[in-house]
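Spelled out, the chains give:
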Amino acid sequence: MAESTLFDEKTLHKLEQLALVASQVRAGAIKGERRSTKRGTSIEFADYRNYTRGDDLRRVDWNIFARLERPFIKLLEEEEDLAVHLLLDASASMDWPRDPGAPSAAHKFTFARRLLAGLGYIALVSGDRLSVRALGGPAPQQWGPGRGRGRILEVLGMVEEFQTGGETALSVSLRAYALRGGRPGLCIVISDLFSSDGYADGLTALLGRGHEIALLHVLSPDEVNPPLAGDLRLVDVETASGQDVSVDDSMRDLYRRRLVAWRESIQAYCAARGVHYVPVETSVPWEEVILYQLRRLGVVR
């Protein structure tokens, strides 16, 4: 495979054996490569049940009948595909930090694109039906739906070209996707949640459509612990509106308490609705989010 600027072959190898899991989503539309809780027609044995009138005699296990003199039907695993939707916030606030001296790995949009590309890679390798969309940004940016290993480079190339820009009304964008995004499945939203219209209505619309949701809340270290002091004018990078503030120790403490309260309110909202919530800081390696945090929540196995 040609080298990607998002990650290297060594990282791809770590993701190779993983699969995305949705325990709350109804069955796929076509046969795929993942095992279902349903019984079907694969070659993998699942269980036996008693024969009942009308059953296909070809499914009777005659070896069991010879030993027990009772007919049993052999049940096989069903295999089905999963619809995977990856939604990336591409608003201007994701283009942070903008300090040229800051580590590139800590840049929110770079970090988020790597997460998205890694999750997309897992989906395509597993034979899932993948859709990718950037919410907002300077122009429409989307890929899919599509499936198959042969489309991995196509997806990676597309994600590398994603750009940020402008203001994204996150709830409006999520509601629109719920209406037109296609078959319900596992929907993973990656965002800093800096949106004037919030996130709750959008997530509710996705849940109402039948999606299982994982919300990856991405912040940079300087947004968690801002290295600011003195009299400053803070400017919103999306709306250009400004606010004069005096930052001292008490102001920084107040900011941190409100940040903790904000994250806890999101956690509570998500827990009440069965949404997987993952607060993430870009100071951690992005692959740890997939290999450890999403695994711990059962979204990846």
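Residues numbered from 1 in each chain as written. Predicted model: local features only at pLDDT ≥ 70, side-chain atom pairs only at ≥ 80, totals over all residues. Heavy atoms only, no water.

Caption draft 1: Geometry of the overall build of the protein. Along the protein, the regular secondary structure elements total 9 helices and 10 strands. Working note: accessible area of the protein is about 15,300 Å², and carbon and sulfur atoms make up 51% of it. (Helix = DSSP H or I, 4+ residues; strand = E, 2+ residues; numbered from the N terminus. Areas by Shrake-Rupley, 256 points an atom, 1.4 Å probe, with all protein chains shown as cover.)

Caption draft 2: Spatial organisation of the packing of aromatic side chains. Applying the stated rule across the entire model yields 3 aromatic pairs. Between F194 and W262 the ring centres are 5.8 Å apart and the planes differ by 10°, which places this aromatic pair in the stacked class. One end of the pair, F194, is in the loop between β6 (186-191) and α6 (200-209); the other, W262, is in helix α8 (residues 249-273), and 68 residues separate them in sequence. For F194, a relative accessible area of 32% corresponds to the partly exposed category. Between Y199 and Y269, the ring centres sit 5.5 Å apart and the planes meet at 90°, which makes this aromatic pair edge-to-face. Residue Y199 is found in the loop between β6 and α6, and its partner Y269 is found in helix α8; the two are separated by 70 residues along the sequence. Y269 shares its class with Y199; the two are buried. (Phe/Tyr/Trp six-rings, centres within 6.5 Å; stacked < 30°, edge-to-face > 60°. Buried < 20%, exposed > 50% of the residue type's maximum accessible area, 1.4 Å probe, protein only.)

Caption draft 3: The arrangement of the nonpolar core in detail. Counting 49 residues, the largest nonpolar core has L20, L130, I188, I190, I290 and L294 as the members making the most contacts within it. With 12 residues, helix α3 (residues 108-125) is the single largest residue contributor to this core. Excluding its chain neighbours within four sequence positions, the residues that come into contact with L294 are L119, L216, V278, V289, V299 and V300. Listed in part, the 19 residues of the second largest apolar core include Y177, L203, I213 and C270. (Core = buried A, V, L, I, M, F, W, Y, C linked by side-chain atoms within 4.5 Å. Contact = heavy atoms within 4.5 Å.)

Caption draft 4: Examining the side chain of R252 more closely. Assignment of secondary structure puts R252 in helix α8. Using a relative accessible area of 17% as the deciding quantity, one classes R252 as buried. Here the side chain of R252 touches D249 through a polar contact of 2.4 Å, side chain to side chain. (Polar contact = N/O pair within 3.5 Å; in protein donor to acceptor, adjacent residues only side chain to side chain.)

Caption draft 5: Region of the structure containing the packing of α3 against helix α9 (residues 286-296). It is at 8 Å that the axes of α3 and α9 come closest, and there the two elements cross at 50°. On the basis of their axis angle, the class for α3 and α9 is oblique. As α3 runs across α9, the sense of the crossing is right-handed. Residues F111, R114, L115, G118, L119 and I122 of α3 pack against W286, V289, I290 and L294 of α9. Here the contact of α3 with α9 is composed, by residue class, of 8 nonpolar, 1 polar and 1 charged. (Axes fitted to C-alpha atoms, helices over the stretch in contact; angles between N-to-C directions. Parallel < 35°, antiparallel > 145°, perpendicular 65-115°, else oblique. Left-handed = near helix turned anticlockwise from the far one by under 90°. Nonpolar A, V, L, I, M, F, W, Y, C, P; charged D, E, K, R; others polar.)

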